[in-house]
Amino acid sequence: YNEILGSLLKYSKVANGKYLILTGSAGNGKTNLLGSISELLVNLKQTTIFLNAREIEGDILDFIFDELGLPDLYKKHKEIYLYLVNLLLTVQNKFLFIIVDAINENDSDGFGNQISAFINKIADYSRAKIVVSCRNEYYKESGELFVTKIFVDGGATLKRMRPAPQGRGYRI
């Protein structure tokens, strides 16, 4: 009983964290799980951005702004725009979920440093949550790139999940 409550507490802390790094071996269902989570978030009327890391070129925020079709004026004033989005989400009592799938599949020079800087920049906003996925091998090699700020609430790593029906995942 105490073990189950301990696990529930651990997972609730993960849900309240700023970011989550989902790792697993190739073909383990990380993309399916993230797709199901995205669908659930959209159905719950949460603002959700799902990105495939292979498609990201250059600055990640610029890429997001381009994909959303935002005017260049917003790109020039990214900090103000993100602050206003964060304020609007606070008023609406909602969150912005940015999900970046398969970061190990982007072969661009310096992408590891870019994703690390992006995570740390977005983590400054109280209503933003980030989920990234990668293969175990990539995380073991590059895991130190991600964390350059330490939060009291932590950003736990969820490892080795098996996809299950209805968007659930079970630990292996």
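Residues numbered from 1 in each chain as written. Predicted model: local features only at pLDDT ≥ 70, side-chain atom pairs only at ≥ 80, totals over all residues. Heavy atoms only, no water.

Describing the packing of helix 3 (residues 60-68) against helix 6 (residues 111-122)
1) Next: Taken N-terminus to C-terminus, the directions of helix 3 and helix 6 make an angle of 75 degrees; their axes are 9 Å apart at the nearest point. Classified by the interaxial angle, the pair formed by helix 3 and helix 6 is roughly perpendicular. Between helix 3, through I60, L61 and I64, and helix 6, the contact on the second element is made entirely by F111, Q114, I115, F118, K121 and I122.
2) Next: Residues belonging to the contact of helix 3 with helix 6 are distributed by class as follows: seven nonpolar, one polar and one charged. (Axes fitted to C-alpha atoms, helices over the stretch in contact; angles between N-to-C directions. Helix = DSSP H or I, 4+ residues; strand = E, 2+ residues; numbered from the N terminus. Parallel < 35°, antiparallel > 145°, perpendicular 65-115°, else oblique. Contact = heavy atoms within 4.5 Å. Nonpolar A, V, L, I, M, F, W, Y, C, P; charged D, E, K, R; others polar.)

Some thoughts on the pattern of salt bridges
1) Next: This structure, assessed with the given rule, holds six salt bridges.
2) Next: Taking the shortest distance from any N to any O, the salt bridge between E105 and R54 comes out at 2.9 Å. With E105 in the loop between strand 3 (96-101) and helix 6 and R54 in the loop between strand 2 (47-52) and helix 3, this residue pair connects regions lying 51 residues apart in the sequence.
3) Next: The exposure class of R54 is exposed, given its relative accessible area of 51%.
4) Next: Of the charged contacts in the structure, one is a salt bridge between D59 and K78, with a shortest N-O distance of 3.2 Å. A residue pair is termed long-range when its members are at least 10 positions apart, and D59 in the loop between strand 2 and helix 3 and K78 in helix 5 (residues 78-92) qualify at 19 residues.
5) Next: Residue classification places D59 among the partly exposed positions, given a relative accessible area of 38%.
6) Next: If you follow the salt bridges from partner to partner, you end up with D59, D62 and K78 in one network. (Salt bridge = Lys/Arg side-chain N within 4 Å of Asp/Glu carboxyl O. Buried < 20%, exposed > 50% of the residue type's maximum accessible area, 1.4 Å probe, protein only.)

Some points on a nonpolar patch on the surface
1) Next: The grouping of I80, Y83, L84, L87 and V91 at the surface amounts to a nonpolar patch, some 520 Å² of accessible area in total.
2) Next: Take L84: it is sitting in helix 5. (Patch = residues over 30% accessible without salt bridge, like charges linked within 9 Å, V, L, I, M, F, W, Y side chains within 5 Å. Areas by Shrake-Rupley, 256 points an atom, 1.4 Å probe, with all protein chains shown as cover.)

Examining the side chain of N86
1) Next: Turning to its location among the elements, N86 is positioned in helix 5.
2) Next: For N86, a relative accessible area of 13% corresponds to the buried category.
3) Next: In contact with N86, other than residues within four places in its own chain, are Y125, S126, R127 and A128.

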